[in-house]
Amino acid sequence: MPCDCVAVEGRAPHQNGCKKSVNGAAAASHQPHRKTYDEEAEGAEERHVNDLRYPDGSVRLRNPHIELMDQDILYHLALGSGSHDLVEMFGDVKFVCMGGTPKRMEQFAHTIMAEIGHKLPCGTTLQDISQFSYRYSMYKVGPVLSVSHGMGIPSVGILLHELIKLMYHARVREPVFFRIGTCGGVGYEGGTVVISEEAVDGSLKNALDVNVLGNTISRPAKLDKRLVRELRGLADPEDPYDTVTGKTMCTYDFYEGQGRLDGAFCEFNESDKMEYLERIHKAGVVNIEMESLAFAALTHHAGIKAAVVCVTLLDRLKGDQVLAPKEVLDEWQQRPTKLVCRYIKRYLQMKGRLSLDGHGSIAVKSPRRFKLVQQESETYD
Ligand SMILES: O=P(O)(O)O[C@H]1O[C@H](CO)[C@@H](O)[C@H]1O
Ligand SMILES: O=c1cc[nH]c(=O)[nH]1
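Residues numbered from 1 in each chain as written. Chains lettered and ligands numbered in written order. Predicted model: local features only at pLDDT ≥ 70, side-chain atom pairs only at ≥ 80, totals over all residues. Heavy atoms only, no water.

## Side note on the overall build of the protein chain
Here is step 1: Scanning the protein chain from terminus to terminus reveals nine helices and 12 strands.
Here is step 2: Summarising the internal contacts of the protein chain: among those between residues at least 6 apart in sequence, 74% fall at separations of at least 24.
Here is step 3: Here the protein chain has roughly 20200 Å² of accessible surface; of this, 53% comes from carbon and sulfur atoms. (Helix = DSSP H or I, 4+ residues; strand = E, 2+ residues; numbered from the N terminus. Contact = heavy atoms within 4.5 Å. Areas by Shrake-Rupley, 256 points an atom, 1.4 Å probe, with all protein chains shown as cover.)

## A short note on the UniProt feature "domain: Nucleoside phosphorylase" (unreviewed entry) in the protein chain
Here is step 1: When the UniProt feature table is mapped onto this chain numbering, "domain: Nucleoside phosphorylase" (unreviewed entry) sits at residues 94-345.
Here is step 2: Structurally, residues 94-345 comprises 34% helix and 27% strand, and the distance from its first C-alpha atom to its last is 12 Å. (UniProt positions renumbered as here; feature names shortened; annotations may be inferred.)

## Things to note about the pattern of salt bridges
Here is step 1: As enumerated under the stated definition, the model contains 16 salt bridges in all.
Here is step 2: Note that Asp56 and Arg173 form a salt bridge whose closest N and O atoms lie 3.8 Å from each other. Here Asp56, found in the loop between α1 (31-51) and β1 (73-74), pairs with Arg173, found in the loop between α4 (153-169) and β6 (176-185); they are 117 residues apart in sequence, far enough to count as distant.
Here is step 3: According to the relative accessible area criterion, Asp56 is partly exposed, its value standing at 39%. (Salt bridge = Lys/Arg side-chain N within 4 Å of Asp/Glu carboxyl O. Buried < 20%, exposed > 50% of the residue type's maximum accessible area, 1.4 Å probe, protein only.)

## Some words on a nonpolar patch on the surface
Here is step 1: Nonpolar side chains collect at one region of the surface, where Val212, Leu213 and Ile217 lie side by side and expose about 290 Å² of accessible area between them.
Here is step 2: One can find Ile217 in strand β9 (residues 215-220). (Patch = residues over 30% accessible without salt bridge, like charges linked within 9 Å, V, L, I, M, F, W, Y side chains within 5 Å.)

## A word on the site of ligand 1
Here is step 1: Around ligand 1, the neighbouring residues are Gly100, Arg104, His149, Met151, Arg179, Gly181, Thr182, Phe254, Glu289, Met290 and Glu291.
Here is step 2: Interatomic distance of 3.2 Å between a backbone N/O atom of Gly100 and an oxygen atom of ligand 1.
Here is step 3: Within the complex, 85% of the 340 Å² of free accessible area of ligand 1 lies under protein.
Here is step 4: A per-element tally of the shell around ligand 1 places β6 first, with three residues.
Here is step 5: Looking at side-chain class alone, the shell around ligand 1 contains three nonpolar, four polar and four charged residues. (Near = heavy atom within 4 Å. Polar contact = N/O pair within 3.5 Å; in protein donor to acceptor, adjacent residues only side chain to side chain. Nonpolar A, V, L, I, M, F, W, Y, C, P; charged D, E, K, R; others polar.)

## Brief notes about the site of ligand 2
Here is step 1: All residues adjacent to ligand 2 are Thr182, Cys183, Gly184, Phe254, Gln258, Arg260, Ile288, Glu289, Met290 and Leu314.
Here is step 2: Here a nitrogen atom of ligand 2 sits 2.8 Å away from a polar atom, N or O, in the side chain of Gln258.
Here is step 3: Between ligand 2 and Arg260, the relevant distance is 2.6 Å, taken from an oxygen atom to a side-chain nitrogen or oxygen of the residue.
Here is step 4: In the complex, 93% of the free accessible area of ligand 2, which totals 240 Å², lies under the protein chains.

## Points about the pairing of β6
Here is step 1: Among the 10 residues of β6, nine are classified as buried, and the element is accordingly described as predominantly covered.
Here is step 2: In this sheet, β6 lies alongside strand β3 (residues 95-99) in parallel orientation, the contact comprising four bridges. Residue pairing in the sheet places Val96 in a bridge with Phe177 of β6.
Here is step 3: In terms of strand pairing, β6 meets strand β12 (residues 305-315) through nine bridges, oriented parallel. Bridging across to β12, Ile180 finds its partner in Val309. (Pairing = 2+ DSSP bridges.)

## Considering the environment of Ala363
Here is step 1: Here Ala363 shows up in the loop between α8 (326-350) and α9 (367-379).
Here is step 2: Along the backbone, Ala363 and Lys103 are 260 residues apart, and their C-alpha atoms lie at a distance of 26 Å.

## Some remarks on the side chain of Arg104
Here is step 1: In this fold, Arg104 is placed in helix α3 (residues 102-116).
Here is step 2: The charged side chain of Arg104 is buried without a salt bridge, its nearest counter-charge being Glu291 at 7.4 Å.
Here is step 3: Of note is the side chain of Arg104, whose polar atom sits 3.0 Å from the backbone oxygen of Ile180.
Here is step 4: If we skip the residues at most four places from it in the chain, Arg104 touches Gly99, Ile180, Gly181, Thr182 and Gln333. (Lys, Arg positive; Asp, Glu negative; His and termini not counted.)

## Quick word on the confidence of the model for the protein chain
Here is step 1: Per-residue confidence for the protein chain averages 90 on the pLDDT scale, and 90% of its residues sit at or above 70.
Here is step 2: By mean pLDDT, α1 is the weakest element of the protein chain at 67, and strand β11 (residues 285-289) is the strongest at 99. (pLDDT = per-residue confidence, 0-100.)

## Some thoughts on the pairing of strand β5 (residues 144-148)
Here is step 1: Counting buried positions over the five residues of β5 gives five, a clear majority of the element.
Here is step 2: Alternating positions in β5 separate into two faces, Val144, Ser146 and Ser148 on one and Leu145 and Val147 on the other, with burial throughout.
Here is step 3: As paired strands, β3 and β5 are joined by five bridges and run parallel to one another. Pairing of Phe95 across the sheet is with Val144, part of β5.
Here is step 4: From the end of strand β4 (residues 138-141) to the start of β5, which pair antiparallel, there are two residues, and Gly142 there has a positive phi angle of about 55 degrees.

And the structure:
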């Protein structure tokens, strides 16, 4: 039965008796109220995800044509359902991590290999599985795929179509997708880690508009709330930087689209720019980048849990140009990686699948002797 305390738009009604625990004016921020809302939203999300999966948790495609096809060529990944044994190659994947550049994702693959103690057969190295597509780079480290997505919504959109189909063909169960990126902060200094609560477009709309057969389809750009909370909880108070959550604005352009004055073209002035940035900041936007809208909308549409973790390269309320030195930028880019690694490690630890006795294709018995042998060999080089 609803109670008679202050109603808050967008939240579930209070239940019988809850008024007793609050005092008048405080009712609007009353905790049980918020909790009911969050739980309802999360429950709905859980049902949405479950409806879109097969009973064993594997990804169900929302396209009736694919299973009627003789083979499905994942053109931009240089893979195919008729040419490759995708179940054998990718059936054990659990995490798909994406980021803009091939280099970042190659480094991420090496980092996660060390973090989870993944061993390669002796004499082998990591290979770019999609190298012959010349579009994206993809590395596999046990249950983790590390893939570059390029810049912008069209690029990440094409990749997501093919990765979601890859999950389906490989019968991957309950995959989790991460975008590990860089962004501009809105009110946050360079080096701050931002976990996106939701993605919005340049006019603050929380949906991706896709033009299909001349009509516009709007797909909600929702991210998994529980995943956001879990990632937030993995931020270490000892980290020498802040980790925050909030709305992420996703634009179709780095310059005019993000209100920069330093593009090749600009038809607004400093005060127009600041008025816009202050307005979006007030609306809860904490960072700006160029992929989260498609990332959130397409994963949500596929029933795949996803999160976006980015590091800010500058505070857009203070400027437009990325001025930090290369070494600083490189260190900042490790920060979202660290958080995602913690999440993956914790998951594998809980499943008893974390190996801590070495990684790569070389097994070291005595680090001291290993070093001596290495130095010895180098002298004869
Ligand atoms: O660093 P990544 O992950 O590429 O992300 C950001 O950087 C690029 C712009 O410099 C855009 O792709 C933007 O989203
Ligand atoms: O300001 C920035 C920095 C990185 N990436 C963006 O899209 N914007």
